Amino acid sequence: QLQLVESGGGLVQPGGSLKLSCAVSGFTLDYYSIGWFRQAPGKEREGVSCIGRRGINYADSVKGRFTISRDNVKNTVYLQMNSLKPEDTARYYCAAALSFSCSTVVSSYDYWGQGTQVTVSS
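Keep in mind that what you see is a predicted model, and the values were worked out from it rather than measured. (Residues numbered from 1 in each chain as written. Predicted model: local features only at pLDDT ≥ 70, side-chain atom pairs only at ≥ 80, totals over all residues. Heavy atoms only, no water.)

J.: What should I look at first to understand the state of the cysteines in this one?
T.: Here a disulfide denotes one covalent bond, and it connects the sulfur atoms of two cysteines. Tallied over the entire structure, the rule returns two disulfides. Disulfide pairing is shown between cysteine 22 and cysteine 94; the S-S distance is 2.1 Å. With the S-S dihedral at roughly 75 degrees, the linkage between cysteine 22 and cysteine 94 falls on the right-handed side. Here cysteine 22, found in strand 3 (residues 18-25), pairs with cysteine 94, found in strand 9 (residues 90-97); they are 72 residues apart in sequence, far enough to count as distant. Each member of the pair, cysteine 22 together with cysteine 94, is buried. A sulfur-sulfur separation of 2.1 Å characterises the disulfide bridge that pairs cysteine 50 with cysteine 102. (Disulfide = S-S within 2.5 Å. Helix = DSSP H or I, 4+ residues; strand = E, 2+ residues; numbered from the N terminus. Buried < 20%, exposed > 50% of the residue type's maximum accessible area, 1.4 Å probe, protein only.)

Here it is, written out as structure tokens:
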């Protein structure tokens, strides 16, 4: 069974940092691209970052603050989030697509995790 499980969310003050993890089982990261998405109440789910065999992409809103990485041995993808802002508050999801190249378009992804909540507040 293909599964993605997010962890690492929590409450953090503005300017703080969090590191999210996406543990993947049932398939290898070698053949998939992994995307991070977020969704705040009342808003559309939006792409944050993605990583694939052929590249990495970031949304403009997180460039310079977030870093995506992957460990193919552990089958885990990470999202290091620095300089967090209140507008980063959302539930964060990871997703998988069978592609060597990555996209931050929601419809590109076939498999989704359950999400982990990130709240940035003073």
